[in-house]
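Here is how the chains run, residue by residue.
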2 protein chains.
Amino acid sequence: MNPTIELLKSHRSIRKFTDRKIPRKLLEELISAGQCAATSNHVQAYSVIHVVSPENRRKIAELAGGQAHVAEASDFLVFCADMKRSTEAAERAGAEVVRGMTEQLVVASVDAALMAQNVAVAAESEGLGLCYVGGIRNNPAEVAEILKLPEHVYPVFGMSLGYPDQDPEVKPRLPLASILKEDFYDDREDETQVAAFDDTMHQYYLERTGGNKESSWSKELAPLFTTKLRPHMREFLRKRGFEMK
Amino acid sequence: MNPTIELLKSHRSIRKFTDRKIPRKLLEELISAGQCAATSNHVQAYSVIHVVSPENRRKIAELAGGQAHVAEASDFLVFCADMKRSTEAAERAGAEVVRGMTEQLVVASVDAALMAQNVAVAAESEGLGLCYVGGIRNNPAEVAEILKLPEHVYPVFGMSLGYPDQDPEVKPRLPLASILKEDFYDDREDETQVAAFDDTMHQYYLERTGGNKESSWSKELAPLFTTKLRPHMREFLRKRGFEMK
């Protein structure tokens, strides 16, 4: 295993950080590395808001479901899917632009994610820790308002970044065989593979909680899909100009 | 700049590959590294189809707009957003699952992208080259049929992988200042920054084509948003069970 792959395989979310600040130069280096990720048709359909205001950090920490690290980490970034910059550039070049296509939602969300993952890898290569914060989609309209996001820009997720003050285990992943399929989507082994992974996660939760948490992958997922997680997202995206035409 | 950041910053798409094959063990290592990327609530909402059949490789190369490398590269992967495995696991755990929420489309698309970007970085760290193939969304229904994708799974993009037989330049990116914004979305400099980047790209195209290509970033974007790029995506996603409720 080469050192880069070793780095990728040692990822875990960090939610407790020391007081040490990330130098501005390094932060810029991480974003530059992010920009070098592949981007659909060179569109670069993303913007990153670096939230500096302590008050806004506290507000977003609350809006994201009370995640203290959002306010406490050295830095907090919001990765936005951005169809504004590129469509306006196309208009200035004489195009009659059509906005709000579903394809544009996919392009911009994927572009933002590829970019962010490069930022994450670059950060970890410098000894930093991070936590993705999908929780900003709990209250995306409020987050968009705080960040004064214009139409055709939406906040996909946040990222807390800083020097780690904890050293959690790497969380297990599904068996490779259940993810990687040859030639077609074969799900005949799905139930068996998930059952095996449920055992793995059951053991993992027991060990991490001194025997107090009886759970499994499937049990942890169950409430996610029953409560219609974030049912406001459709209307929120529509209002932001991602009409899903 | 540490070697990992240097690697990230040296990314460029590779579309010509030597005949050398990627060893199966290495391919599995890349996918494992992909699985270690962050995933929303541990859902791991992705599957990867490794397309081995030469006939299917040729078909997909055509469906993606005639991209020869899809058929010629050592390996071709299709990264799918997968809400089937996790929602079925939740059902077996007793949940009354609600499918087709817009939030689930975002979660699964982002999960697949974070995962794929780790695969890309791992591949490049081993001297491989790659090209993302968003072009499979030109004809996503046909691609889904070839791969026998079930409901609640959709093909987000492909990836050609192999040993590079070309050494293209790194393509310039927008200035950092236009991507990274402090505290709020400030677009007052947008037009100026884009104009400067148009100059950069104008120069880049001239140099790469021996003076034959007169273009810019904005000019290249213009046709993308006028032709209603991939207007079938909404209906396609709806039929696949991503109803956008």
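Residues numbered from 1 in each chain as written. Chains lettered and ligands numbered in written order. Predicted model: local features only at pLDDT ≥ 70, side-chain atom pairs only at ≥ 80, totals over all residues. Heavy atoms only, no water.

## So, the UniProt feature "domain: Nitroreductase" (unreviewed entry) in chain A
- In the numbering adopted here, UniProt assigns the feature "domain: Nitroreductase" (unreviewed entry) to residues 9-163 of chain A.
- Across residues 9-163 of chain A, helical content stands at 43% and strand content at 18%; the span's end C-alpha atoms are separated by 19 Å. (UniProt positions renumbered as here; feature names shortened; annotations may be inferred. Helix = DSSP H or I, 4+ residues; strand = E, 2+ residues; numbered from the N terminus.)

## Topic: the relation of the copies chain A and chain B
- When chain A is fitted onto chain B, the two copies agree to an RMSD of 0.0 Å after a turn of 180° and an axial shift of 0.0 Å. What we have between these two chains is a two-fold relation.
- When the interface residues of chain A are mapped onto chain B, 100% of them again lie at the interface, so the same face is used by both copies. (Least-squares fit on C-alpha atoms with pLDDT ≥ 70 in both. Contact = heavy atoms within 4.5 Å.)

## Re the sheet that holds strand 5 (residues 180-182) of chain B
- With mixed pairing, the 5 strands of this open sheet are ordered in space as 3(A)-4(A)-2(A)-1(A)-5(B). One side of each edge strand has no neighbouring strand; the edge strands of this open sheet are strand 3 (129-133) of chain A together with strand 5 of chain B. Strand-to-strand, the axes of this sheet are offset by a mean angle of 25°, without reference to chain direction.
- Here strand 2 (residues 75-82) of chain A runs beside strand 4 (residues 153-162) of chain A; their pairing, made up of 8 bridges, is antiparallel. Across the sheet, Asp82 of chain A pairs through a bridge with Val153 of chain A, a residue of strand 4 of chain A. (Pairing = 2+ DSSP bridges. Axes fitted to C-alpha atoms, helices over the stretch in contact; angles between N-to-C directions.)

## Focus on the interface of chain A and chain B
- Contact with chain A, which involves 113 residues of that partner, is made by 113 residues of chain B.
- Summed over both partners, the interface of chain A with chain B comes to about 10,000 Å²; 63% of that surface belongs to carbon and sulfur atoms.
- Sorting the residues of chain A by area buried against chain B places Asp183, Tyr185 and Phe225 of chain A first, and these three jointly supply 8% of that buried surface.
- Across the salt bridge formed by Asp187 of chain B and Lys84 of chain A, the nearest N and O atoms sit 2.5 Å from each other.
- At the junction of chain A and chain B, the tally comes to 52 residue pairs in polar contact (both at pLDDT 80 or more).
- Looking at the side of chain A that touches chain B element by element, the count peaks at 16 residues for helix 6 (residues 102-125) of chain A. (Buried area = accessible area lost by both parts, 1.4 Å probe. Salt bridge = Lys/Arg side-chain N within 4 Å of Asp/Glu carboxyl O. Polar contact = N/O pair within 3.5 Å; in protein donor to acceptor, adjacent residues only side chain to side chain.)

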